[in-house]
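Close look at the chain arrangement
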Amino acid sequence: MLQSISSGFEGSFNVCAFGFSAEEEAVLESILRDRSHIEETLRLAADEKAGDYAAALQRLRKIYHNSIRPMEQAYKYNELRQHEISAYPGRTLGDSATDGEITSKPMVLFLGPWSVGKSSMINYLLGLLDTPYQLYTGAEPTTSEFTVIMHGEKIRTVEGIVMAADSSRSFSPLEKFGQNFMEKLVGIEMPHKLLERVTFVDTPGIIENRKQQERGYPFNDVCQWFIDRADLIFVVFDPTKLDVGLELEMLFRQLKGRESQIRIILNKADSLATQDLMRVYGALFWSLAPLINVTEPPRVYVSSFWPYDYAPDTSRDLFKREEISLLEDLNQVIENRLENKIAFIRQHGIRVRIHALLVDRYVQTFKEKMSFFSDPELVFKEIVEDPDKFYIFKSILAKTNVSKFDLPNRDAYRDFFGINPVSSFKQLSAQCSYIGGCLLEKIERAITHELPSLLSSINSGKNPTLSSCEATGCGEKPKNRYRRN
């Protein structure tokens, strides 16, 4: 009997369930590839400590909401970020870091020309062949939607407008691309072991003779949104589609700064003889070299990612090793997902703190330069036009533990204060309350103690529900300040 086609499902499917005869089963068994290495490499059979993972996420969410978000809101950090995209590459938190962003699973994004095997690769990894839930594939351009494949208690399709409206997900910012795009966004939920740990996003293939206007929505902007949130980006090619046109050049410009997340896949490798494959491999590097200007090029995987056996007289051992290497790469991203979230939130907290310190310095300088006869607009215009004259940025570097490489662009604050009057902000010294404490102290405690403590508790296998700071006051014995010693 043929092994289960969808071995990763909680309730596995068998070809018998779809009406295959004994002869058809025998034919399928002879042409289908063994998938046991997928389950083994991705550890789909291993039981995860779901309780510890959920507790760590809950602790991370609490630290963010208690210590970082109040500072974000008080100094309108997110309005600065809209002008400061280049200073903060990689993932963003949207208008504010929501629970959906913090608790979201790692995202694997599939990009590339049309009909190179992106959808077939997802079908293969999830074992969807010959099930009613497999992604449609074909020789012609078949995927016209952005398809998000995610975990769910039952198998169902979710419309884009429903995904955007669901506050528990992280897709609500996509509404800004308009209703035409919402009709091209679709989600598929299924109870799959791999999808408990990762989310796949299948994208429409790049067609060089199609303009963005013909799609009816800003295709490149939508791709950028997914690129900024992806933990791993598979750019898929096949031996017949190595030409680089304007659309593909634009895509690689959007991938600048994300080289560590990019993996190049030369798919359908068993369709060529070994000598021809070497030539195609060299041609692929030659085509991509001008587009990826980094010292260490992205990893290139050469194999055929679909469920059928490799063609005869091809380098099947090489293809199998390449496939396992890619699965190990994917598993590494999955295994490190919680550590990456903590590091990301801490990095975000550092930037919010620097922004608050800069705004505080602008406010302080403005108050010092104001006199009874001064024109507030002229005084502040002089400050914001030439902050170096008033040592705005240098004072931050001198007084605080801030790297000069983390400082935002000076010009961004001209735009920021153009829509946020300096008079609308309080100084940090005034951002304190008897019950809640001071915003600056809380965010610094989160950056220096709480988040590192949470990270170390995960690495050491300890219970992450209670941080060492909460238990011991970050190494200090609690004191009664009103008791006379």
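Notes on the structure in this doc start here. The shown structure was predicted, so the numbers you read here are calculated from the model rather than taken from an experiment.

Quick notes on the overall build of the chain
A count of helical and extended segments in the chain gives 19 helices and 10 strands. By the burial criterion, 49% of the 485 residues in the chain qualify as buried. Contacts in the chain between residues at least 24 apart in sequence constitute 78% of all its contacts with a sequence separation of at least 6. As presented, the chain carries roughly 24400 Å² of accessible surface, and 50% of it is formed by carbon and sulfur atoms.

A few points about helix H17 (residues 410-419)
Of the positions making up H17, those classed as buried are Ala-412, Tyr-413, Phe-416 and Phe-417. Seen from one end, H17 has its buried residues packed into an arc of 125 degrees, which puts them on one side. Exposed positions of H17 whose direction lies more than 90 degrees from the buried face are Gly-418 and Ile-419. A distance of 3.0 Å separates the backbone nitrogen of Asp-411 from a side-chain oxygen at the start of H17, and that oxygen is part of Asn-409.

Description of the nonpolar core
Burial of nonpolar side chains together is a common tendency in soluble globular proteins. With 48 residues, the main nonpolar core has Phe-181, Phe-226 and Phe-252 as its most contacted residues. Apart from residues lying up to four places away in sequence, Phe-226 is in contact with Met-107, Leu-109, Phe-146, Phe-171, Leu-174, Phe-181, Leu-185 and Val-201.

What to know about the side chain of Thr-365
Among the secondary structure elements, Thr-365 is positioned in helix H14 (residues 337-369). Thr-365 has contacts with Ile-383, Phe-390 and Ile-392, leaving out every residue within four places of it along the chain.

Brief notes about the environment of Thr-365
Looking at Thr-365, the relative accessible area reads 2%, which means it is buried. Taking C-alpha positions, Thr-365 is 8.9 Å from Phe-380, a pair spaced 15 residues apart along the chain.

Some remarks on the pairing of strand E4 (residues 185-190)
Taken across its six residues, E4 has six buried, putting it largely inside the fold. Going residue by residue along E4, you find Leu-185, Gly-187 and Glu-189 tucked away on one face and Val-186, Ile-188 and Met-190 tucked away on the opposite face as well. The pairing of strand E2 (residues 146-151) with E4 spans six bridges and is classified as parallel. From the neighbouring strand, His-151 faces E4, where its bridge partner is Met-190.

Things to note about the pairing of strand E6 (residues 232-237)
Of all six residues that make up E6, six are buried, and the element is covered over most of its length. Of the two faces of E6, the one carrying Leu-232, Phe-234 and Val-236 and the one carrying Ile-233, Val-235 and Phe-237 are both buried. Where strand E1 (residues 107-111) meets E6, four bridges bridge the pair, whose relative direction is parallel. Residue Leu-111 lies in a different strand from E6, and its bridge partner there is Val-235. Strand direction decides the pairing type here: E6 and strand E7 (residues 262-266), joined by five bridges, are parallel. Across the sheet, residue Val-236 finds its bridge partner in E7, namely Ile-265. Read as a crossover between parallel neighbours, the route from E6 over helix H11 (residues 246-254) to E7 is right-handed.

Concerning the sheet that holds strand E3 (residues 156-159)
Remark on secondary structure: sheet strands pair via backbone hydrogen bonds, oriented parallel or antiparallel. Taken in spatial order, the eight strands make up an open sheet running E3-E4-E2-E5-E1-E6-E7-E8, and their pairing is mixed. Unpaired on one side and paired on the other, E3 and strand E8 (299-302) mark the two borders of the sheet. With strand direction ignored, the average angle separating the axes of adjacent strands in the sheet is 20 degrees. Of the strand pairs in this sheet, E2 and strand E5 (residues 199-202) are connected by three bridges, and their pairing is antiparallel. Residue Ile-149 lies in a different strand from E5, and its bridge partner there is Phe-200. The sheet strands contacting helix H13 (residues 316-335) are E1, E5, E6, E7 and E8, and the helix crosses E8 at an angle near 135 degrees.

Analysis parameters
- Residues numbered from 1 in each chain as written.
- Predicted model: local features only at pLDDT ≥ 70, side-chain atom pairs only at ≥ 80, totals over all residues.
- Heavy atoms only, no water.
- Helix = DSSP H or I, 4+ residues; strand = E, 2+ residues; numbered from the N terminus.
- Buried < 20%, exposed > 50% of the residue type's maximum accessible area, 1.4 Å probe, protein only.
- Contact = heavy atoms within 4.5 Å.
- Areas by Shrake-Rupley, 256 points an atom, 1.4 Å probe, with all protein chains shown as cover.
- Arc of directions from axis to C-beta.
- Polar contact = N/O pair within 3.5 Å; in protein donor to acceptor, adjacent residues only side chain to side chain.
- Core = buried A, V, L, I, M, F, W, Y, C linked by side-chain atoms within 4.5 Å.
- Pairing = 2+ DSSP bridges.
- Right-handed = clockwise from strand over helix to strand, strands pointing away.
- Axes fitted to C-alpha atoms, helices over the stretch in contact; angles between N-to-C directions.

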